Amino acid sequence: MIKKFLAAVLMTISSAAAFAVPFGSQSVLVVEDDTGKVLFEKNAGTVAPIASLTKLMTAMVVLDAHQDMNEPIEIEKEDVDMLKHSSSRVPVGATIPRRDVLQLALMSSDNRAAAALARTYPGGNEAFRAAVKRKIAALGMTQTVIEEPTGLNPNNRSTAADLVKMATAASHYAEITRITTSSKDLINIKGREVEYHNTNRLVGAKGWDIGLSKTGYTQEAGRCLIMRVKAAGKNATMVLLNAGASSARVLDALNIRRHVLGDAGPVATRAEAPRVRAAAAGPRIRAAVGGPRIRATAGETRTRHGRKHVVVKPHRRRH
């Protein structure tokens, strides 16, 4: 009886602390996966641009079509972003198996890869958009509109509440969970092994048990994040929309883990991750604005398992 009372007191304190935390994201929703209980919400019903969170929907629709994932896809000029002129590490003319194109779209949030997946969908872009509409309706995402596969168009809009439904659905696709929780991978691009990294620096960080991840960024959407995590014995999905900076997005995730989920343990991150240091006013996060940013550097190679591969280095991009 005493143990139950103490647990209830601790939960009350944790909830109060969460409400006292000034979250940087404009919309926040945290849901316990096993029960569907809302653990924390802030503007969860506000409709906003979702940037590359869109790519989780793109991936589900592509996988639902049961296409040959080993089929080579050529990246074409049509796949180049002419709206935002975002950068890409996938050159026009590269021929890549559909499985690797999906990996580039999800893990590294490559826009050309996502566009190529929609273009090569059975029936082309028009059929892809129709399939997306059907998927949105099937998931009960009543406040969601997705017009194209990358998220670059600000007309791709949703709410944190709808995006929890999308994240839950995406978590049932083994290929999506595998890709989005991989910290890096080598992909053959025109005969060279190029190393790509996950756009979420918490993936692969010590102390984080992540089951699904997707970042997003455009000027209109701000910094966005979907993650399914396990912490303090709880499985939970968090959705963060429109944070002002990558550091704010990560700090929100840390505060959710500590104050909402009740995991007060130390958080250690890998070398590339935002660094956490204690201060009188609470944890501070230091991170380069823009999150992980990578580009291939000509001439720089390393040997791995007897093969040469290009190491991808940071640069500014939308994801």
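Read on for an overview of the structure.

The rules behind each value
- Residues numbered from 1 in each chain as written.
- Predicted model: local features only at pLDDT ≥ 70, side-chain atom pairs only at ≥ 80, totals over all residues.
- Heavy atoms only, no water.
- Helix = DSSP H or I, 4+ residues; strand = E, 2+ residues; numbered from the N terminus.
- Buried < 20%, exposed > 50% of the residue type's maximum accessible area, 1.4 Å probe, protein only.
- Contact = heavy atoms within 4.5 Å.
- Areas by Shrake-Rupley, 256 points an atom, 1.4 Å probe, with all protein chains shown as cover.
- Pairing = 2+ DSSP bridges.
- Axes fitted to C-alpha atoms, helices over the stretch in contact; angles between N-to-C directions.
- Salt bridge = Lys/Arg side-chain N within 4 Å of Asp/Glu carboxyl O.
- Polar contact = N/O pair within 3.5 Å; in protein donor to acceptor, adjacent residues only side chain to side chain.

As for the overall build of the chain
Right, on to step 1. Broken down by element type, the chain carries eight helices and 15 strands.
Right, on to step 2. Counting only residues that meet the buried cut, the chain has 52% of its 319 residues in that class.
Right, on to step 3. Contacts spanning at least 24 positions in sequence make up 63% of the contacts within the chain whose residues lie at least 6 apart.
Right, on to step 4. Summed over all atoms, the accessible surface of the chain reaches about 14400 Å², with 53% contributed by carbon and sulfur.

A look at the sheet that holds strand 9 (residues 209–218)
Right, on to step 1. Strand order across the open sheet formed by five strands is 2-1-11-10-9, with antiparallel pairing between neighbours. Sheet topology places strand 2 (38–42) and strand 9 at the edges, where each strand pairs with a single neighbour. For this sheet, the mean inter-axis angle between neighbouring strands, taken without regard to orientation, is 5°.
Right, on to step 2. Examined bridge by bridge, strand 10 (residues 222–231) and strand 11 (residues 234–243) share eight bridges and lie antiparallel to one another.

Considerations on the pattern of salt bridges
Right, on to step 1. Counting across every chain of the model gives 10 salt bridges.
Right, on to step 2. A salt bridge links Asp162 to Lys165; its shortest N-O distance comes to 3.9 Å. Residue Asp162 and its partner Lys165 are both found in helix 6 (residues 160–170); the two are separated by three residues, about one turn of the helix.
Right, on to step 3. On the basis of relative accessibility, which here comes to 36%, the residue Lys165 falls in the partly exposed class.
Right, on to step 4. A cluster of three or more residues bridged by salt bridges with shared partners is formed by Glu76, Asp79 and Arg119.

Some words on the environment of Thr199
Right, on to step 1. Along the chain, Thr199 turns up in the loop between strand 8 (192–197) and strand 9.
Right, on to step 2. Overall, the relative accessible area of 5% leaves Thr199 in the buried class.
Right, on to step 3. Side chain to side chain, Thr199 and Thr215 meet in a polar contact 2.6 Å long.

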